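# Architecture at a glance
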Amino acid sequence: MRVLSGIQPTGNLHLGNYLGAIRNWVRMQDEMDSDSRCFFFLADMHSITVHETREQRLANVRDMTAALVACGIDPDRSVLFNQARVPAHAELCWLLNGTARIGWLNRMTQFKDKAGKNREGASVGLFVYPVLQAADVLLYQATHVPVGEDQKQHLELTRDIATKFNTDFGVELFTLPDPIIPKETARIMSLRDGTAKMSKSDPSDMSRINLTDDDETITQKVRKAKTDPEPLPSEVAGLEGRPEALNLVGIYATLTGSTPDAVCGAFAGQGFGAFKPALAEVLVDRLAPIRARYIALKDDHAALDAILEKGAAKAAQAAEPTLRGAYDAMGLMR
Ligand code: TYM
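Residues numbered from 1 in each chain as written. Predicted model: local features only at pLDDT ≥ 70, side-chain atom pairs only at ≥ 80, totals over all residues. Heavy atoms only, no water.

## Digging into the packing of helix H1 (residues 15-31) against helix H9 (residues 243-255)
Angle between the axes and distance between the axes: these two values describe a pair of packed helices. Operational definition: Geometry is summarised by axes, namely lines fitted to C-alpha atoms with helices restricted to the contacting stretch, and by angles between N-to-C directions that run from 0 to 180 degrees. Each helix is a run of DSSP H or I of at least 4 residues and each strand a run of E of at least 2, with the numbering of both proceeding from the N terminus. With respect to orientation, any angle under 35 degrees is reported as roughly parallel, any angle over 145 as roughly antiparallel, any angle of 65 to 115 as roughly perpendicular, and every other angle as oblique. Handedness of a crossing is defined here by the sense of rotation of the near helix relative to the far one, left-handed for an anticlockwise turn of less than a right angle and right-handed for a clockwise turn. Throughout, a contact is declared for two residues whenever any of their heavy atoms are within 4.5 Å.
At a minimum axis distance of 12 Å, the contact between H1 and H9 shows a crossing angle of 45°. Taken as axis vectors, H1 and H9 run oblique relative to one another. Viewed along their axes, H1 and H9 form a crossing whose handedness is left-handed. In contact with Leu15, Leu19 and Arg23 of H1, H9 contributes Ile251, Thr254 and Leu255.

See below:
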């Protein structure tokens, strides 16, 4: 079993990232036996698809490292690194560009969403983004990839690229990875629109809860979250057609280790005037310790850089046999 996942270091870690992915990373790390390792990385090479200044990018990588450690990623047990420090990712991506098909990439919904109407004006990097993601996963022979629902299609593409490469070159080089997607929190929605996912690229900060938000900000964002005037039903089935309400109930259930049905049972007949303060209290209670650890870590640049440097050395070592195998399978001398 080999666990691997990544996150783009652009903007803050938000509740969607945390409940959709990072909580699972920590859980899987904690359940691993000591001689198998988890690999978690900051996808800074992917972040070139978003324009940022040099200073911003440098700051983002450190900030996200501090946030991941604050959430419970232990750099002594897991390999935590930034992609740019391990050139094998870019190298394998290039090799896989010979295998990936334009038709496959044309079907990627994230590309369509991010490129929007102006496809001709989108960067080539945004188009081949999923090939770099395939390289990230295949380099380490990952078997389990804990992600939110929005990454499922990229993982399917990774499997297609791996299968085609293995077949075309008559090798059994790449392992086919399985996405690990949490059932209840696969897709945390925006607080302003229950049909859009919570995202760091949403222009409104009120749409998301950042793991760095203070207690007052969290409470205010929950208070202002879009809801409807109906009371909560006694079972979750009664929330059909009420995406905002369903989202908030789902968040509450996950944070309290309960189920949406049980939460509806507990708040049945009550309106959001009663539910929202309860939700805010749970969020503040769960996020305050993470925020405190983040604040304690974030300015210690030397410590954060040391974590990433050590992680990159381990990652490069782990990636080498697969990278060598790929060059060799293709008849490229290194
Ligand atoms: P990114 O940085 O957009 O998000 C990081 C993780 O958070 C999950 N996520 C969510 N889950 C539930 N609800 C939401 N609203 C929500 N928003 C984000 C994402 O599904 C993801 O698991 N392409 C990836 C990074 C990446 C990667 C990889 C992941 C690069 N290489 C290899 C896995 C394996 C991305 O942009 O994630």
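Still more to cover.
## Topic: the nonpolar core
We count it as follows: The nonpolar core is taken to be a set of buried Ala, Val, Leu, Ile, Met, Phe, Trp, Tyr and Cys residues, with the residues joined through side-chain atoms within 4.5 Å. Relative accessibility decides the category of a residue: with a 1.4 Å probe and only protein chains considered, values under 20% of the type maximum give buried, values over 50% give exposed, and everything between is partly exposed.
The biggest cluster of nonpolar side chains holds 59 residues, and the ones touching the most others in it are Ile22, Phe275 and Leu283. In terms of residues, this core owes the most to one element, helix H11 (residues 272-298), which gives 11 residues. Apart from residues lying up to four places away in sequence, Leu283 is in contact with Leu15, Ile209, Ile218, Val222, Ile251 and Leu255. Counting 44 residues, the second-largest nonpolar core is a separate cluster that includes Phe81, Leu95, Ala115 and Tyr140.

## Structural notes on the site of the ligand
The criterion, for reference: Whether a residue is near a molecule or strand is decided by its heavy atoms; if any one of them lies within 4 Å of it, the residue is near. Pairing of N or O atoms within 3.5 Å defines a polar contact, subject to two protein rules: one partner must be a possible hydrogen donor and the other a possible acceptor, and residues neighboring in sequence count only if both atoms are side-chain atoms. All accessible areas in this document rest on Shrake-Rupley with a 1.4 Å probe, and a residue is counted as covered only by the protein chains that are shown. Residues are grouped as follows: Ala, Val, Leu, Ile, Met, Phe, Trp, Tyr, Cys and Pro are nonpolar; Asp, Glu, Lys and Arg are charged; every other residue, Gly included, is polar.
Taken together, 28 residues lie near the ligand, and Gln8, Tyr129, Asp136, Asp150 and Ile188 sit nearest. Take Gly148: an N or O atom from its main chain is 2.9 Å from an oxygen atom of the ligand. At a separation of 2.4 Å, an oxygen atom of the ligand approaches a polar side-chain atom of Asp150. Isolated, the ligand exposes 720 Å² of accessible area, and the fraction of that covered by the protein chains is 97%. Of all the secondary-structure elements, those providing two or more residues to the shell around the ligand are strand E1 (3-7), H1 and helix H6 (124-138). Of the residues that constitute the shell around the ligand, the class distribution is 11 nonpolar, 12 polar and 5 charged.

## Looking at empty space enclosed by the protein
This is how it is decided: A pocket here means an open set of points on a 1 Å grid, computed over the protein atoms alone, that has protein on both sides within 12 Å along at least five of seven lines. A cavity is instead a set of points where a 1.4 Å probe fits but cannot get out; residues with an atom within 4 Å of a point line either one. Grid points are joined across faces, edges and corners, and a volume is the space filled by probe spheres set on the points.
On inspection of all chains with the given rule, the structure shows 1 cavity of 30 Å³ or more. In this model, the largest cavity occupies a volume close to 50 Å³. As for the largest cavity, its lining consists of Gln110, Phe111, Lys114, Leu126, Tyr129, Pro130 and His154. Counting only elements with at least two residues in the lining of the largest cavity, the list comes to helix H5 (109-115) and H6. Looking at the lining of the largest cavity residue by residue, the classes come out as 4 nonpolar, 2 polar and 1 charged.

## Description of the layout of surface pockets
By volume, the largest pocket amounts to about 1,200 Å³. Forming the walls of the largest pocket are 49 residues, and the residues nearest its centre are Gln110, Lys114, Asp150, Gln151 and Lys197. Mapped onto the lining of the largest pocket, the elements with two or more residues apiece are E1, H1, H5, H6, strand E4 (144-146) and helix H7 (152-169). A class-by-class count of the residues in the lining of the largest pocket yields 19 nonpolar, 20 polar and 10 charged.

## A closer look at the pairing of strand E2 (residues 38-42)
Note the threshold: Strands pair, by our definition, only if DSSP identifies at least two bridges between them.
Summarising burial for E2: 5 of the 5 residues are buried, a large majority. The two faces of E2 match: Cys38, Phe40 and Leu42 on one face and Phe39 and Phe41 on the other face are all buried. Strand direction decides the pairing type here: E1 and E2, joined by 5 bridges, are parallel. Bridge pairing links Val3 to Cys38 in E2. Across 4 bridges, E2 lies against strand E3 (residues 79-82) in parallel orientation. Opposite Phe41, over in E3, you have Phe81 as the bridge partner.

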